[in-house]
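Structural overview
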Amino acid sequence: MKKKLKSNKISFIPVSKPHINYQDIKSVQNVLKKGWISSDGPEVEIFEKMFSKKINRKYSIAVSNGTAALEIAIKSLNLKKNDEVIIPNFTIISNAISVIKQNAKPVLIDCDLDTWNMKIEDIQKKITKKTKALIVTHIYSFSNDMDKILKICKKNKIFLIEDAAEVIGLKYKDRACGSFGDLSTFSFYANKQITTGEGGMISTNNPKLRDKCRELRNLCFGKKNRFNHDDLGWNYRMTNIQAALGISQLNRLSSIVKRKIYIGRYYYKKLKNDENFKILQPNLKFSKNIYWVVGILINNKRMLASEAMKKLKAQGIGARPFFWPMNEQNIFKKFNLFTNEKYPNSHYLSRYGFYIPSYLKIKNSEMDYIIKSIKKLF
Ligand SMILES: Cc1ncc(COP(=O)(O)O)c(C=O)c1O
């Protein structure tokens, strides 16, 4: 098969590839021709409105990436020094950065080995008088149990930030993920369900938070005197070119999600019975996995993910490691954060988890080759 791949001039199957079609190109060309290229063009607002409608929220604020969305969301809460924000330990560093940059303290929760999301049963134990918010991150497109999360936030009167970067198009029960947070954030990086190259979104139903997020995205220009500023903001604006691409991509979200589900289930059917590793199931009680990525978790320390990925690479297959836990980040050790804290499940996932190619145009023959190669690893 590898030879065949070579003879077809497909020397390598990458882990991810953006899907850009004719409509996307037309949409971008259109705004380029009109000259609306930075953030002031009409497409940004159109994209925001379409996005809100898609996930059934009142307001959306387009920004330059998913990390910027989180930074703005956290800053909009007006946290005080040493206020605490609960976040997953197994996640992207953007969750922790957004808290630390506001001089607040991230408090970590280990993940569940069956869902790879944060262990909901551990949250209440970590809530103190200083806890002001919780970031819930849907990891690798597997939904958290939002009824339980909402109950905890309500009971403790804390804000909910929903990091929905990886779950555009996913539902919890019959409601869109990303419609639960006081503020929810999204990413449109090239490997996401829909892309704007780089890009992000914040969604909310709260007009005060909406206004604050809009100001923070745009340098907090003065209301009376534009160049006399009342707060420290950022230039985290989305360009009209990006928004034009976003509109076109969002228009076909349902077919993208359908294809992702097909790919995830194809792998699942053929890999689920192998006792050497685990692949997340397609159906939960409350949600359907849309397989943003297809993760593989090696069982019983049979082989390190780094070794497995090296072997797959030698066979022309791209793979990516799982997240590295927050409590084990070099940079946070320098800040004396999380010293002596232990999170065994995140530790395990970071050493034994990786994900495999699942871009929209992947062929069944390529998936068959990948499946065979993974099985042969053990
Ligand atoms: C869960 C999660 N949150 C936030 C981000 C940050 O998004 P961005 O790369 O657009 O800054 C990512 C990035 O992939 C992510 O996976």
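Quick summary incoming for the structure in this document.

Conventions we followed
Every chain's residues receive numbers from 1 upward, in the order its sequence appears when written. Since the coordinates come from a predicted model, pLDDT governs what is reported: local features require at least 70, and pairs of side-chain atoms require 80 or more to be given and counted, while whole-chain, interface and lining totals use all residues. The basis for every side-chain value is the complete set of heavy atoms in the structure, and neither hydrogens nor water enter the calculation. Here the rule is simple: two strands pair whenever DSSP picks up at least two bridges between them. Strands here mean DSSP runs of E at least two residues long; helices mean DSSP runs of H or I at least four residues long; both are numbered from the N terminus. Between the N-to-C directions of two axes lies an angle of 0 to 180 degrees, each axis being a line fitted to C-alpha atoms and, for a helix, fitted only over the stretch in contact. Here a residue-residue contact requires only that any non-hydrogen atoms of the pair lie within 4.5 Å. In this scheme, a residue with accessible area under 20% of its type's maximum is buried, one over 50% is exposed, and one in between is partly exposed, where area comes from a 1.4 Å probe on protein chains only. Picture the helix axis, draw a direction to every C-beta atom, and the arc is the one those directions span. Counting of polar contacts relies on pairs of N or O atoms within 3.5 Å, with two restrictions inside protein: one atom must be capable of donating a hydrogen and the other of accepting it, and residues adjacent in sequence are counted only when both atoms are side-chain atoms. The criterion for a residue being near a molecule or strand is simple. One of its heavy atoms has to lie within 4 Å of it. Residue exposure ignores everything except the shown protein chains as possible cover, and the areas themselves are Shrake-Rupley values with a 1.4 Å probe. Here the expected span of a helix is defined as 1.5 Å times the quantity of residues minus one. Basic side-chain nitrogens of Lys or Arg form a salt bridge, by our definition, when they fall within 4 Å of a carboxyl oxygen of Asp or Glu.

This brings us to the sheet that holds strand β9 (residues 200-204). Read across the sheet, seven strands follow the order β1-β9-β8-β5-β4-β2-β3 without closing on themselves; strand pairing throughout is mixed. Two strands bound the open sheet, and with one partner strand each, they are β1 (59-63) and β3 (105-109). In this sheet, neighbouring strand axes are inclined to one another by 20° on average, regardless of whether the strands run parallel or antiparallel. When strand β8 (residues 183-187) meets β9, the two strands line up antiparallel, connected through four bridges. Looking across to β9, one finds that S187 is bridged to G200. Of the strands in this sheet, β2 (84-88), β3, β4 (131-137) and β5 (159-163) are in contact with helix α5 (residues 93-100), which crosses β2 at around 175°. In the packing of helix α7 (residues 207-217) onto the sheet, contacts are made with β1, β8 and β9, and the angle to β1 comes to roughly 15°.

Along α7, the residues that are buried comprise L209, R210, K212, C213, L216 and R217. End-on, the buried residues of α7 take up no more than an arc of 165°, which puts them together on one face. Looking at the buried side of α7, the elements it contacts are α3 (42-55), β1, α4 (66-75), β8 and β9. Backbone nitrogen of K208 and a side-chain oxygen of the N-cap are separated by 2.8 Å at the start of α7; the cap is N206. Once α7 ends, the next one or two residues include L219, with phi positive near 60°.

Relative to the elements of secondary structure, T137 occurs in strand β4. For T137, the side chain forms a polar contact with the side chain of N95, separated by 2.7 Å. For T137, the contacting residues outside a window of four places in its chain are P88, T91, N95, N117, N144 and D163.

Bringing the site of the ligand into the picture now. Near the ligand you find 13 residues, and of these G66, T67, D163, E166 and K192 are the closest. A distance of 2.5 Å is found between an oxygen atom of the ligand and a side-chain nitrogen or oxygen belonging to E166. For the ligand, the accessible surface in isolation is 390 Å², of which the surrounding protein chains cover 89%. Counting residues per element, the shell around the ligand draws most heavily on α4, which supplies three residues.

With that settled, consider α3. For α3, built from 14 residues, the straight-helix expectation of 20 Å at 1.5 Å per residue is met to within 8% by its first-to-last C-alpha distance of 21 Å. Immediately beyond the C-terminal end of α3, within one or two residues, lies N56, with a positive phi of roughly 60°.

Right, let's get into the pattern of salt bridges. Scanning the entire structure with this criterion turns up 17 salt bridges. In this structure, D145 engages K148 in a salt bridge whose closest nitrogen and oxygen atoms are separated by 3.9 Å. Here K148 falls in the partly exposed class, since its relative accessible area comes to 49%. With a closest N to O distance of 3.1 Å, E215 and K223 form a salt bridge. Overlapping salt bridges, with partners in common, bring together K75, K212 and D231 in one network.

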